[in-house]
Amino acid sequence: DGPDATAALLVAIQHAAGGLPPEGEPVEVEPLVAALETLDRTILDQPLEDQEALQQSLARGVLQLDERTRGALAPELLSQATGGGSGRAILSELTGEEVAMFLLGPVGQGDMAARLSRFLSGLHLPDERTAAVTAFLETALAAGGSKVGSVMTAVSSPGQPDAEDGDGWAAAGSTACPTS
């Protein structure tokens with residue numbers, strides 16, 4: 001029950017699939033993505049009154065995974081979210097700050113900013129919640145990276161592809177931002 005049990009299940013799946021690779025090697029997230037899709041579909045089969053709490057537990061369980069796994073999982077969930085997959089259900093259960101923190105590490109990689117823009121516009125969040133995500137990202141990116149312009153332009157101009165591909169961007173340190 002709850003996020004702790006969800007995180008424990010995901011960690012067990014990760015260990016069964018070979019565990020975390022040595023530092024510097026990519027984290028294999030396909031087994032976790034498959035498990036999250038299965039759990040998301042299973043939640044949809046539950047009584048309607050239980051679905052929101054179960055989705056929240058699933059989303060919060062993902063947040064409890066280790067930093068390397070979350071960083072590798074974020075682009076996959078964002079990709080699914082833009083296509084209407086289970087990533088959308090998971091990310092939509094998080095606050096604006098939680099979405100921003102989840103995506104902050106990989107946001108500078110490749111077309112992540114364009115996918116973030118499509119996700120935010122396709123999720124149909126209230127304007128204030130979308131503003132909370134973008135404000136937190138802007139603050140954190142300004143504190144730690146030079147890609148602020150291209151990322152924030154893509155996020156604030158939905159449908160405009162991110163023109164800059166990069167090798168990645170180191171996550172900024174802790175910053176404050178209003179949550180939604």
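Definitions and limits used
- Residues numbered from 1 in each chain as written.
- Predicted model: local features only at pLDDT ≥ 70, side-chain atom pairs only at ≥ 80, totals over all residues.
- Heavy atoms only, no water.
- Salt bridge = Lys/Arg side-chain N within 4 Å of Asp/Glu carboxyl O.
- Helix = DSSP H or I, 4+ residues; strand = E, 2+ residues; numbered from the N terminus.
- Buried < 20%, exposed > 50% of the residue type's maximum accessible area, 1.4 Å probe, protein only.
- Contact = heavy atoms within 4.5 Å.
- Axes fitted to C-alpha atoms, helices over the stretch in contact; angles between N-to-C directions.
- Parallel < 35°, antiparallel > 145°, perpendicular 65-115°, else oblique.
- Left-handed = near helix turned anticlockwise from the far one by under 90°.

Participant: Help me understand the pattern of salt bridges, please; the structure alone is not making it clear to me.
Facilitator: Where charged atoms of side chains with opposite charge meet at close range, the side chains can pair. Counting across every chain of the model gives 3 salt bridges. Glu 37 is paired through a salt bridge with Arg 41; the nearest N and O atoms lie 3.8 Å apart. In this pair, Glu 37 and Arg 41 are both assigned in helix α2 (residues 30-44), 4 residues apart and thus about one turn of the helix distant.

Participant: Sorry if this is basic, but what is going on with the side chain of Thr 69 here?
Facilitator: Residue position: Thr 69 is located in helix α4 (residues 67-82). Looking at Thr 69, the relative accessible area reads 0%, which means it is buried. With sequence-adjacent residues up to four places away left out, Thr 69 is seen in contact with Gln 14, Leu 20, Val 27, Val 29 and Leu 32.

Participant: How should the packing of α2 against α4 be read in this particular structure?
Facilitator: Helix-helix packing is described using two parameters, namely the angle between the two axes and the distance between the axes. As a packed pair, α2 and α4 sit with axes 10 Å apart at the nearest point and diverge in direction by 50°. With respect to α4, the element α2 is oriented oblique. Here α2 runs over α4; the crossing is right-handed. Within the contact between the two elements, α2 uses Leu 32, Val 33, Leu 36 and Glu 37 and α4 uses Thr 69, Leu 73, Glu 76, Leu 77 and Gln 80.

Bear in mind that shape data such as this cannot, by itself, settle questions of function.
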